[in-house]
Amino acid sequence: MAKRPPNIIVFMDDQEQAQVCLPNHPCKKPYVDKLIREGLQFTRVYTPTAHSCPARVCYFTGTYPSQGGVYNNVLGHPKIHGTYDPSLMHFSQVLRKAGWNLGLTGKWHVSDTENPRERGWDEVAPTCLKTDVHGKSWEKWLQQAEKEPVDNSPRRPGEIIMPGYARQFLYKSEDVPPEESRHYTGDRQTVDKAIEAMERYAKEDKPFFIHCGPTGPHDPYIVPKKYVDMYKLEDVPLPPNFGDMLQDKPHIYQRHRQQLWSQLSEEEVRDSVRHYWAYCTMMDELFGRLYDAVDAMGLRENTILIYTSDHGDYCGAHGLYCKGVPSFDEGHRIPLIIRWPEGIERPGRQIDEFITLADYAQTFLDIAGKDPIQGPSRSFAPFFKSDSVEDWPQEFHGQMNGVEYYYTQRICMTKEHKYVFNGFDFDELYDLTIDPHEMVNRVNDPAYEQVKLDLVKRMWKFAYGVNDTIAIAYWTCALLPWGPLTGLRD
């Protein structure tokens, strides 16, 4: 009789950069630290796009945005597509058909036509469903204009003023116990419902998969004071690339910094970082509830426990915040730590190979003994046994067709160099061997012409493989320095 597959539990929070989970980082994450010691940490993991909805479609389907069809917020008015290609298979459908129990709590956020149950999940406590339309209607804007007087009071610490839009706090301490903070209680309910589902599923003689998706540490960084007080402001440095004034970067990057974030003093920037770390610490504490429950129920040995996120947050890097069109590492690199006592050899290892969020679906199916579904992705489960895997991809590709404003951006990155095609402005090229913080754009440096040509060739080959839409020969669209024939002829 074949051995039953392991259970799988994924804790995927929203907008946590990989940096806060790397060794020696000052962000306090004791449960993540334990998971690293007991399991496997992947240090070069990237989301194909730094935007929640398309990133999560990559996760559920194993595809890239050009295949899944989702590029921006599916619940917002300016959506490009409101849902993924309906012909795509989700990993959850395969597992459900194989007899698994599947429970989803927290963020779904991938479709305005389907909810989790249509793809095999038990809707334990899902959020961001097809009915949760985002954005303001014109009627609400008119009501606000009629009822709210213009606020001309001085800007307060942590506040960003956007005339005619709103005044919003980027960060703020809540002087209340966590149990009185909606930012804590909402995510705690997401975790506790996942634990309740685990208790039910553990009583049945079949494997289970639980996806637990809290909303933190997404901006704004509004956190109970308990967590903020764990960090002394004087001990928090500015990000190492904060001094980059973006003069050699696309103008939209400059506009974000100048119009929004330049309102913050350097002390406020450090305070914002402190609040982001505090939020990540709160996420770690909530993850700890799940961690402890797995062990208390005796499920430790045959349960795969995964800590990850959908995308990162710039959090002051290059003077920027949030995520989206900027191409930098802090927005695209995500944490991935996995514990599986029965399946991971030599725990405590780090793997420094490219993994993408699109690889997760194939990995889950591989663990379950099922065939892969569509997509260019592949299972990273072989790394559970080995530090190296033959013919593993040595490059990462990113795809962006906009946030709620539409941009065209593609990334091709090796461990040494990174090329960014920006259809809305000039391109970027970084030498990561001497410039890991992406401070100097070398796209027009003749010394890097061959590097640029190699990365553009790689970009076109990948674009062909995922049926990308950027191979357009019309004058106003043929903006890459070399066209698709350059890559396809080799």
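Bear in mind that the values here come from a model prediction, so they are computed numbers and not experimental data.

Got a minute to help me understand the side chain of Asp13 in this structure?
Tracing the sequence through the fold places Asp13 in strand E1 (residues 7-13). Buried charged residue Asp13 carries no salt bridge. Nearest counter-charge: Lys29, at 5.4 Å. Beyond its immediate stretch of four places on either side in the chain, Asp13 contacts Arg56, Pro214, Gly216, Pro217, Met283, Tyr307, Thr308, Ser309 and Asp310.

Help me out: how do you make sense of the side chain of Arg44 in this one?
Here Arg44 is to be found in the loop between strand E2 (40-42) and strand E3 (45-46). Arg44 gets classed as buried once you look at its relative accessible area, which sits at 17%. A polar side-chain atom of Arg44 sits 2.9 Å from a polar atom in the side chain of Asp352. When residues no more than four places from it in sequence are discounted, the contact partners of Arg44 are Arg333, Ile351, Asp352, Glu353, Phe354, Ile355 and Lys415.

What am I meant to see in the nonpolar core here?
Generally speaking, nonpolar side chains in soluble globular proteins are found buried as a group. Core analysis: the biggest nonpolar cluster contains 71 residues, and Met198, Leu290 and Tyr307 have the highest contact counts within it. With 15 residues, helix H9 (residues 266-296) is the single largest residue contributor to this core. Excluding anything up to four places from it in sequence, Met198 contacts Ile9, Phe208, Ile210, Leu290, Ala293, Val294, Met297 and Leu299. Within the second largest apolar cluster, 51 residues are counted, among which are Phe60, Leu75, Ile344 and Phe364.

Is there a simple way to think about helix H11 (residues 359-367) in this case?
Residues lying three or four places apart along an α-helix face the same way, a consequence of the helix completing one turn every 3.6 residues. Within H11, eight of the nine residues are buried, leaving the element largely enclosed by the surrounding structure. Restricting attention to buried positions, one finds in H11 the residues Asp359, Tyr360, Ala361, Gln362, Thr363, Phe364, Leu365 and Ile367. Positive phi shows up at Gly369, right after H11, with a value of about 75°.

Procedures and definitions
Throughout this document, residue positions are counted from 1 along each chain, in the order its sequence is written. In view of the model being predicted, local features appear only for residues whose pLDDT reaches at least 70, and side-chain atom pairs are presented and counted only at 80 or more, with totals across whole chains, interfaces and linings using the full set of residues. Side-chain measures here rest on the full set of heavy atoms in the structure, leaving out hydrogens and waters. Segments assigned H or I by DSSP are reported as helices when at least four residues long, segments assigned E as strands when at least two residues long, and all are numbered from the N terminus. A simple rule labels every residue: compare its accessible area, found with a 1.4 Å probe on the protein chains alone, to the largest value its type can have, and call it buried under 20%, exposed over 50%, or partly exposed in between. A residue counts as positive if it is Lys or Arg and as negative if it is Asp or Glu; His and the chain ends are not included. Salt bridge, as used here, is a side-chain nitrogen of Lys or Arg placed within 4 Å of a carboxyl oxygen of Asp or Glu. Two residues form a contact once any of their heavy atoms are found within 4.5 Å. Polar contacts here mean pairs of N or O atoms no more than 3.5 Å apart (in protein, one a potential hydrogen donor and the other a potential acceptor; neighbouring residues in sequence count only if both atoms are side-chain atoms). Joining through side-chain atoms within 4.5 Å is the link that ties buried Ala, Val, Leu, Ile, Met, Phe, Trp, Tyr and Cys residues into a set, and such a set is a nonpolar core.

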